[in-house]
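Coordinates in review
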Amino acid sequence: MSTEKCLAEGSPAPGPVPQDRLRLYSMRFCPFAQRTRLVLHAKGIKFDTINIHLKQKPGWFLEKNPDGLVPVIETPAGEVVCESHITSEYLDEVYPEKKLLPATPFGRAEQKMLLEHFSKIIPNFFKISSAKRKGDDASGFEAELKEKFTKLNERLVKRKTSFFGGDTITLIDYMMWPFFERLEMFGAQRCLDHTPELKKWTERMLEDPAVKATIHSTDHHKAFFKSYQDGEPDYDYGL
Amino acid sequence: MPTEKCFAKGSSAPGPVPKDRLRLYSMRFCPFAQRTRLVLNSKGIKYDTINIHLKEKPDWFLEKNPLGLVPALETPAGEIIYESPITCEYLDEAYPEKKLLPSSPFGKAQQRMMLEHFSKTIPYFYKIPAARRNGEDVSGQEAELKEKFAKLNEHLEKKKTKFFEGDTVTMIDYMMWPFFERIEVLELKHCLDHTPELKKWAELMLEDPAVKNTMFSGETYKAFYQSVAEGKPDYDLEL
């Protein structure tokens, strides 16, 4: 009997992964795990989810992934793949239908370079939300984020494409999306004010079926994030 | 006329990359650039090198690569690839002879996960020498590094292979090597005292042709690091 409720320390280990599917270890509100969920949905891959209580991790989970982080993919053969970007590339390589990465080596390198750039932006979101929570002045961090958004906007303007890798969604769009889904949660939505192409990109992403399948409302994100900032994350919020 | 001397601010931009080769932007003593040089050498790829003065970067270089980092590759088509892991994967995909990455998606995922883990070890190679220069007590950090080396040693023990993912050199060996090449000069060799398999691996790596073609002696590194500590890195040392 499957449940979305998270499994904590003391829970029995799940059995092996059934032959016809993958298993995803996740947390419903984790932006990094959402990357993997987006790829799984976009490619139509059959998978089960086990959500993990990230403050009371089950011993059996730490045996599979000593780092204890989500997302993790487990195959029927018991192979374990960790790290959001590594799981995403793995899925795209194993399941050749609906390729999310370009076929050329340079096309793939471009996606990886853009992900590297975006990884440097991620801490900014948390700096803004932290500052606002403490009642500090977040304007410096907001200015930094606005500058980085301007660079992303420029890329879209230069390429003249609807998405970051072309006119259809590719992997990089999914890798970036979860943080834009949470912009209001972070208190950073004003940072999009002067980046019209980037705004349009978010609107297009909201139309994507995989995004629709994995999205949480801003209210849900805010409720979870508050519980997380308060030190008692409610991983099962809304269930 | 090719020169190994580094190009600084004010130097003229090089012309386009000749059709039959790649160009590597590098710095002779950079461990990250050495990763790319190891892959280029190992795969027998034809390339020219332009070394960059990393404290006075040429404007033409910043135009090609706004982040201004080495290593960076430029193709005859003018495509620029940067970040050492991205350049290495690009080369392995674009030049199919002498594959350094396994063909299976899970094998590739394992290599990427190992690199991710090793990336957490790299800061110690910088932090510990810097702390020592400041007269700080480094025993805690050295203990942490020893623990990380113990994990690597365990991996080799369990797998019973000469190299990290088999009995021949693969990508992950080259990605890790440059830091071990510098271990004696960084006064961290004693951290290998209780990791005999890792020591054996290092000795085997010293026999590898690509390592022999790209390495520098301990004395050369010592002189270079001395120049860095004095605030005037001598990128053209011994030329």
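Chains are numbered independently. Their residues run from 1 in the order of the written sequence. Labels are handed out in written order, letters beginning with A for the chains and numbers beginning with 1 for the ligands. For a predicted model such as this one, the threshold for reporting local features is a pLDDT of at least 70, and the threshold for listing and counting side-chain atom pairs is 80 or more; totals across whole chains, interfaces and linings nevertheless cover every residue. Note that water and hydrogens are dropped before the side-chain values are worked out from all heavy atoms of the structure.

Side note on the overall build of chain A
Under the convention used in this document: The way it works is that DSSP assigns letters per residue, a run of H or I at least four long becomes a helix, a run of E at least two long becomes a strand, and they are numbered from the N terminus. Here the radius of gyration uses the C-alpha set of atoms, whereas the globule reference equals 2.2 Å times the residue count to the power 0.38.
Summing up its helical and strand segments, chain A has ten helices and four strands in all. Tracing chain A from N to C terminus, the helices and strands come up as β-α-β-α-β-β-α-α-α-α-α-α-α-α. A globule of 239 residues ought to have a C-alpha radius of gyration of about 18 Å, and chain A, at 18 Å, matches this closely. Its C-alpha atoms give chain A principal-axis dimensions of roughly 50 × 45 × 30 Å.

Regarding the domain arrangement of chain B
Residue and element names in this part refer to chain B. Applicable threshold: For the purposes of this description, domain bounds are those given by an automatic or database domain assignment. Any two residues having at least one pair of non-hydrogen atoms within 4.5 Å are treated as being in contact. Here a salt bridge means any side-chain nitrogen of Lys or Arg lying within 4 Å of a carboxyl oxygen belonging to Asp or Glu. Whenever a nitrogen or oxygen atom comes within 3.5 Å of another N or O atom, the pair is scored as a polar contact, on the condition that within protein one atom can donate a hydrogen and the other can accept it, and that pairs from neighbouring residues in sequence are kept only if both atoms are in side chains. Polar here means any residue outside two lists: the nonpolar Ala, Val, Leu, Ile, Met, Phe, Trp, Tyr, Cys and Pro, and the charged Asp, Glu, Lys and Arg; Gly therefore counts as polar.
Split by domain assignment, chain B resolves into domain 1 (22-99) and domain 2 (105-207). Computed from C-alpha atoms alone, the centre-to-centre distance between domain 1 and domain 2 is 23 Å. At the junction of the two partners, domain 1 supplies 14 residues and domain 2 supplies 13 residues. The interface formed by domain 1 and domain 2 includes one salt bridge. Note that R112 and E89 form a salt bridge whose closest N and O atoms lie 2.8 Å from each other. Inspection of the domain 1/domain 2 interface yields six residue pairs in polar contact (both at pLDDT 80 or more). Those elements that provide at least two residues to the side of domain 1 that touches domain 2 are α1 (31-42) and α3 (84-94). Tallying contributions element by element places α1 first for the side of domain 1 that touches domain 2, with seven residues. Class assignment of the residues belonging to the side of domain 1 that touches domain 2 gives a composition of eight nonpolar, three polar and three charged.

Overview of the pattern of salt bridges
To keep it simple, the criterion reads: Residue exposure (1.4 Å probe, protein chains only): buried if accessible area is under 20% of the type maximum, exposed if over 50%, otherwise partly exposed.
The final tally for this structure, using the stated rule, is 33 salt bridges over all chains. Here E89 of chain A ties to K112 of chain A by a salt bridge, and the two come within 3.8 Å at their closest N and O atoms. With E89 of chain A in helix α3 (residues 84-94) and K112 of chain A in helix α4 (residues 105-134), this pair connects stretches of sequence that are 23 residues apart. Neither E89 of chain A nor K112 of chain A differs from the other in exposure class; each is buried. A salt bridge links E93 of chain B to K112 of chain A, with the nearest nitrogen and oxygen atoms 3.8 Å apart. Here K112 of chain A lies in helix α4 and E93 of chain B lies in helix α3, a pairing that spans two chains. By relative accessible area, K112 of chain A is classed as buried at 14%.

So, the UniProt feature "domain: GST N-terminal" (unreviewed entry) in chain B
Selection criterion: UniProt positions are given in the numbering used here, feature names are shortened, and annotations may be inferred rather than shown by experiment.
Cross-referencing UniProt, the feature "domain: GST N-terminal" (unreviewed entry) maps to residues 20-99 of chain B in the present numbering. The annotated region residues 20-99 of chain B carries 36% helix and 20% strand content, and the separation between its end C-alpha atoms amounts to 20 Å.

Structural notes on the UniProt feature "domain: GST C-terminal" (unreviewed entry) in chain B
This chain's UniProt record puts "domain: GST C-terminal" (unreviewed entry) on residues 104-224 of chain B. Taken as a whole, residues 104-224 of chain B contains 69% helix and 0% strand, while its terminal C-alpha atoms sit 40 Å from one another.

Topic: the packing of α1 of chain B against helix α7 (residues 171-181) of chain B
Residue and element names in this part refer to chain B. Going by this rule: In this analysis an axis means a line fitted to C-alpha atoms, helices contributing only their contacting stretch, and an angle means the value between N-to-C directions, from 0 to 180 degrees. An angle counts as roughly parallel when it lies under 35 degrees, as roughly antiparallel when it exceeds 145, as roughly perpendicular when it falls between 65 and 115, and as oblique in every other case. Less than a right angle of anticlockwise turn of the near helix away from the far helix marks a crossing as left-handed, whereas a clockwise turn marks it as right-handed.
Between α1 and α7, the shortest axis-to-axis distance is 9 Å and the interhelical angle comes to 135 degrees. Regarding the angle of α1 to α7, the classification is oblique. The interaxial crossing formed by α1 with α7 has right-handed handedness. On α7, the residues that touch P31, F32, Q34, R35, L38, V39 and S42 of α1 are M171, Y174, M175, W177, P178, F179 and E181. Taken together, the residues of the contact of α1 with α7 sort by class into ten nonpolar, two polar and two charged.

A look at helix α10 (residues 218-229) of chain A
Test applied: Working rule for helices: expected span equals 1.5 Å times residues minus one.
For α10 of chain A, with twelve residues, the first-to-last C-alpha span of 16 Å sits near the 16 Å given by 1.5 Å per residue. G231 of chain A, located one to two residues past α10 of chain A, shows a positive phi value of around 90 degrees.

Some details on the sheet that holds strand β3 (residues 72-74) of chain A
Residues and elements named next belong to chain A. Selection criterion: For two strands to be treated as a pair, DSSP must find at least two bridges joining them.
Taken in spatial order, the four strands of this open sheet run β2-β1-β3-β4, and their pairing is mixed. Each of the sheet's edge strands pairs with one partner strand only, and the pair in question is β2 (47-51) and β4 (80-82). Here the average twist between neighbouring strands, direction ignored, is 20 degrees. Packed onto the sheet, helix α1 (residues 31-42) meets β1 (22-26), β2 and β3 and runs at close to 155 degrees relative to β1.

Some remarks on the interface of chain A and chain B
In plain terms, the rule: The term buried area denotes the loss of accessible surface (1.4 Å probe radius) that occurs when two parts are joined, taken as the sum for both partners.
Taken together, the contact pairs 21 residues of chain A with 20 residues of chain B. Roughly 1,900 Å² of surface becomes buried between chain A and chain B when both sides are summed, with 64% attributable to carbon and sulfur atoms. Interface area lost by chain A to chain B is led by I86, F106 and M113 of chain A, which between them contribute 27%. At the junction of chain A and chain B, the tally comes to six salt bridges. One salt bridge connects R112 of chain B with E89 of chain A, and the closest N-O pair in it is separated by 3.2 Å. In this assembly, chain A and chain B are joined by seven residue pairs in polar contact (both at pLDDT 80 or more). Where the side of chain A that touches chain B is concerned, the elements lending two or more residues are β4, α3 and α4 of chain A.

What about the environment of Y174 of chain A?
Residues and elements named next belong to chain A. Tracing the backbone shows Y174 in helix α6 (residues 171-181). What makes Y174 buried here is its relative accessible area of 3%. Here the alpha-carbon distance between Y174 and A210, two residues 36 residues apart in the chain, equals 9.0 Å. Among all residues touching Y174, those that are not within four sequence positions of it are R35, L38, A42, L100, I169, M205, D208, A210 and V211.

Comments concerning the nonpolar core
All names here are of chain B. Selection rule: Throughout this description, the term nonpolar core refers to a set of buried Ala, Val, Leu, Ile, Met, Phe, Trp, Tyr and Cys residues connected via side-chain atoms within 4.5 Å.
One finds F149, F164, F180, L198 and W201 to be the most contacted residues of the largest nonpolar core, which totals 72 residues. Examining the composition of this core, we find that eight residues originate from one element, α7, more than from any other. Viewed by domain, this core spans two of them, domain 1 (22-99) and domain 2 (105-207), each represented by three or more residues. Those residues within four positions of F149 in sequence are excluded, and the remaining contacts are T121, F125, F180, I183, C191, L192, T195 and L198.

What to know about unusual backbone geometry
Trans is the prevailing form of peptide bonds, just as negative phi is the prevailing case for residues other than glycine. Residue V70 of chain A is joined to P71 of chain A through a cis peptide bond whose omega torsion reads 5 degrees. Along the polypeptide, P71 of chain A turns up in the loop between α2 (59-64) and β3. Following V70 of chain B, the chain continues into P71 of chain B via a peptide bond in cis, with omega recorded as 5 degrees. Summarising the element assignment, P71 of chain B is placed in the loop between α2 (59-64) and β3 (72-74). Its identity is not glycine, yet E83 of chain B carries a phi of approximately 80 degrees, on the positive side. Here E83 of chain B lies in the loop between β4 (80-82) and α3. With relative accessibility at 17%, the residue E83 of chain B sits in the buried group. For E187 of chain B, which is not glycine, the phi torsion reads 60 degrees and is therefore positive.

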